[in-house]
Every structure is written in C-alpha cells, then in structure tokens.
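# Descriptive structure summary
Listed below are the residues making up each chain.
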Amino acid sequence: MKLSIVVPCYNEEAVLSRFDDTIRAVLAALAVEYELCYVDDGSSDGTLARLRSLAQQHRGTTRYLSFSRNFGKEPAILAGLRAADGDAVILMDADLQHPPELIEKMLDLYQLGHDQVVAKRTRHGDRPVRTALSRLYYRAVNRWVDVELTDGVGDFRLLSRTAVDALLSLPEYNRFSKGLFSWIGFDTVTFDYRNAAREAGETKWHVGSLVNYGIDGMLSFNSRPLRLAIYAGLTLASLAALYTLWIIGAALVGGVTAPGYVTLVAIIVGLGGLQMVMLGLIGEYIGRIYYEAKRRPHFLIKESNTAVPAPTPADATRAGSRAGSRAG
C-alpha cells in the first residue's frame, strides 16, 4: 500500500520545515510507503524555495507543484488529488492544526474498509461567539443544501483511491470540497480530535473569507433560494392585494383620509431592498453558470518536480485521469 499526503500551502514558510519533520517522523514510525505532495498556491513568501529544498533533501518521497498565482485552496486540493497516485490519500494543512499523529488512526480505520476517514475537530478553545455562529450556520444550511454538512468537519480526511477517482470525475469549476466529499458518499467514518492551535504564521481565514465560504456552501448544492424568491414574490403580491382591498373598504366606509406618506416610503424602500437581494441572488447563480461555461482550467502550474495531469475539462470528466503533464 502507498499513502499520499496532499498539503496545500499558501505563505507557509514559517511552519513548513517543522511540519515536514513532524510528519516524516510519524510516517517513519508507521513503516508505510508514502509520498508528500505539496501544492504551493502562489505564495508570496519563501514557501516555494523551501519546497525546492525539501524536494532536494528527500528525493523520491517529495513532490511539489507551484501555481502561477494564487488560485485558492479548492484548486490546490484538486491539483494535489490529481498528482497523488497512492492507494489512499490524506488531505491536511501545513500549519499543524491537523495533527500528524492521527494518521495512524486513519490508516487503521481505512484498513477496516472505509473509503473516507474523516477527522472532526472539537470547538475546544474557540471563542464562544464564533462557536455559536458556526453552529447556527450549519443548522441553517443543512435545511437548504442537498448534502449534509457537519460542524467541525473540514478537509482533514483520508480518501481511498475509489473516493479520489470519484472526486476527480466531477468537472465543475466552482468547487466546494466539503460538499463534494459528502455528495460522493461511500463508506464513511468520523472521529473527533481536540482542536489544535496554529504552530506559526498567520491564519488565512478572516471574517470576509469565512462569509464568502459560507455563501459558497449555501449556493453550491441547491437552488432553493431561487424557489424562495418565488414564494416571497407571491407573498408580497398577496399582501399588496389584501392591503388594497382594505384601503378600498376603509374609503367606502369612512371616506378618504390623509394619505400615509410614511407608510408609502417604507413600503417602497422595503420592496426595493428585497428586489435587490433577489437580483443579487439570481446574479450569483448566473455568475456561476458564466464561469462554468468558460471551461477555464482550475489552475495553471509554473513549476513542478513531477509529472502533473493537465487541468483540462476533458481530463476532469474521467475519473483518475493521468493524461497530459508539465514538469518544472
């Protein structure tokens, strides 16, 4: 059995060497054949130079890809999955918030026949406000999306070759991996682990990026918000009709009174805001269709020390595609 470790990296120069030493020590104790597949997501610090050094130092077990610019974590995950050729693949971050010591437990559960072994982090140490908002988000989003998203479950998981090939067969441009992992199904087991602090460097997740990520999760696996727009329109039309009948009845009974300018302004502003929200929602879906129709590659590689499957739409439609490469 061969194990591939896929590690997306973005400005991780401060922690990369520590991560590499730690995970190699863990893997050496397990006596398993392995490869480390690093993906540099267009870092602006010395991450790429550090990856070159690691590849020279550990020939045969280190592979790296470097993007031409920052494309985002989702393309980095996809690139790593395309490059990995192990019987099982583990996705993990380079900041050591995903404890390498859990790899042994993942392999034990994989040997029992599970295609996905998922590590679920606890909320220990998180701020109470963030924990509450996160739980509220997942409770709300699971009422809308067509797959189940679990609080604390992220990219840290082991995937069998069957599961990897299934993910690679999905050709969409707008990828939301957390939803895709759930969508492909297969035998899945989850275990908890204690939340770990970042070893070095700065987090790449801020309020704006978290909000955008949450919106992606909401829109990637359902079209129910569009149906909600229809219901909202019908509800407002019904209320307007009832209000009109009430105004006519009041005029017939008591005569015409002074017009309600405040009420009129409030209704206009409220309806205008609702229309903008609905237009923005429709525009978001149209924008996603627009990007899908372009069929652009998910990423471009400027340098690599290994053969890399070309990120073309044709290749993406074949599970486990290995066609096309560019060596740096």
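In this text, all values refer to a predicted model and were calculated from it rather than measured experimentally. (Residues numbered from 1 in each chain as written. Predicted model: local features only at pLDDT ≥ 70, side-chain atom pairs only at ≥ 80, totals over all residues. Heavy atoms only, no water.)

### Brief notes about the overall build of the protein chain
Check the secondary structure of the protein chain and you find 11 helices and eight strands. When burial is assessed residue by residue, the protein chain has 42% of its 328 residues classed as buried. Element-wise, carbon and sulfur atoms account for 60% of the exposed surface of the protein chain, whose accessible area totals about 17,200 Å². (Helix = DSSP H or I, 4+ residues; strand = E, 2+ residues; numbered from the N terminus. Buried < 20%, exposed > 50% of the residue type's maximum accessible area, 1.4 Å probe, protein only. Areas by Shrake-Rupley, 256 points an atom, 1.4 Å probe, with all protein chains shown as cover.)

### Some thoughts on a nonpolar patch on the surface
Judged by side-chain polarity, Tyr243, Trp246, Ile267 and Leu271 come together as a nonpolar surface patch covering roughly 400 Å² of accessible area. Within the residue set of the nonpolar patch, elements represented by two or more residues are α9 (224–254) and α10 (261–294). Relative to the elements of secondary structure, Tyr243 occurs in helix α9. Overall, the relative accessible area of 40% leaves Tyr243 in the partly exposed class. (Patch = residues over 30% accessible without salt bridge, like charges linked within 9 Å, V, L, I, M, F, W, Y side chains within 5 Å. Salt bridge = Lys/Arg side-chain N within 4 Å of Asp/Glu carboxyl O.)

### Concerning the side chain of Asp40
Structurally, the position occupied by Asp40 is in strand β2 (residues 33–40). Of the side chains with opposite charge, Lys302 comes closest to the buried, unpaired Asp40, at an N-O distance of 5.6 Å. (Lys, Arg positive; Asp, Glu negative; His and termini not counted.)

### Quick look at helix α2 (residues 47–57)
Those residues of α2 lying buried are Thr47, Leu48, Leu51, Leu54 and Ala55. The arc that holds the buried residues of α2, viewed along the axis, is 120°, so those residues lie on one side. Across α2 from its buried face, at more than 90 degrees, point the exposed residues Gln56 and Gln57. (Arc of directions from axis to C-beta.)

### Observations regarding the packing of aromatic side chains
With the rule as written, the count across this model stands at four aromatic pairs. Between Phe67 and Phe71 the ring centres are 5.6 Å apart and the planes differ by 90°, which places this aromatic pair in the edge-to-face class. For Phe67, a relative accessible area of 0% puts it in the buried group. Relative to Phe299, the ring of Phe67 lies with its centre 4.9 Å away and its plane at 10°, an arrangement referred to as stacked. Separated by 232 residues along the polypeptide, Phe67 in strand β3 (residues 62–67) and Phe299 in the loop between α10 and β8 (301–304) bring together distant segments of the chain. A relative accessible area of 0% means that Phe299 is categorised as buried. (Phe/Tyr/Trp six-rings, centres within 6.5 Å; stacked < 30°, edge-to-face > 60°.)

### Here's the deal with the environment of Asp155
Tracing the backbone shows Asp155 in strand β6 (residues 153–160). Since its relative accessible area comes to 13%, Asp155 is described here as buried. Spatially, the C-alpha atoms of Asp155 and Val118 are 8.3 Å apart, while their sequence positions differ by 37 residues. Residues contacting Asp155, with those up to four places away along its chain left out, are Lys73, Ile77, Leu91, Ser177 and Phe181. Only 3.0 Å separates the side chain of Asp155 from the side chain of Lys73, close enough to count as a polar contact. (Contact = heavy atoms within 4.5 Å. Polar contact = N/O pair within 3.5 Å; in protein donor to acceptor, adjacent residues only side chain to side chain.)

### Notes on the sheet that holds β2
Strand-to-strand pairing in sheets goes through backbone hydrogen bonds, with the strands running parallel or antiparallel. On the basis of which strands lie adjacent, the open sheet formed by eight strands has the order β7-β5-β6-β4-β1-β2-β3-β8 and mixed pairing. If you trace the sheet from one side to the other, it starts and ends with β7 (188–193) and β8, each paired once. Going from strand to strand, the sheet's axes swing by 20° on average, the running direction of each strand aside. Across three bridges, β3 lies against β8 in antiparallel orientation. Within β8, the position partnered with Leu65 by the bridge is Ser304. Along the sheet, helix α4 (residues 103–111) contacts β1 (2–9), β4 (88–91), β5 (116–121), β6 and β7; its crossing angle with β6, the most-contacted strand, is approximately 50°. Most of the contacts of helix α7 (residues 177–184) go to β6, to which it runs at about 45°, and overall it touches β4, β5 and β6. (Pairing = 2+ DSSP bridges. Axes fitted to C-alpha atoms, helices over the stretch in contact; angles between N-to-C directions.)

### So, the environment of Thr306
Looking at where Thr306 falls in the secondary structure, it is placed in the loop between β8 and α11 (313–316). With 244 residues separating them in the primary sequence, Thr306 and Thr62 have C-alpha atoms 9.3 Å apart.

### Section: the pattern of salt bridges
A complete count under the given rule lists 10 salt bridges for this structure. Asp20 serves as the salt-bridge partner of Arg24, at 2.6 Å between the closest nitrogen and oxygen. You can see Arg24 and its partner Asp20 sitting in helix α1 (residues 13–30), four residues apart, about one turn around the helix. Residues participating in the shared-partner salt-bridge network are Lys2, Glu35, Arg63 and Asp85.

### A word on the packing of α1 against α2
Contact pair α1 / α2: the axes reach a minimum separation of 9 Å and the direction vectors enclose 20°. Between α1 and α2, the interaxial angle falls into the category roughly parallel. Of the two elements, α1 crosses α2, and the hand of that crossing is right-handed. Contact with α1, carried on its side by Glu13, Leu16, Ser17 and Asp20, involves Thr47, Arg50, Leu51 and Leu54 of α2 and no other residues of that element. Residue composition of the contact of α1 with α2, by class: three nonpolar, two polar and three charged. (Parallel < 35°, antiparallel > 145°, perpendicular 65-115°, else oblique. Left-handed = near helix turned anticlockwise from the far one by under 90°. Nonpolar A, V, L, I, M, F, W, Y, C, P; charged D, E, K, R; others polar.)

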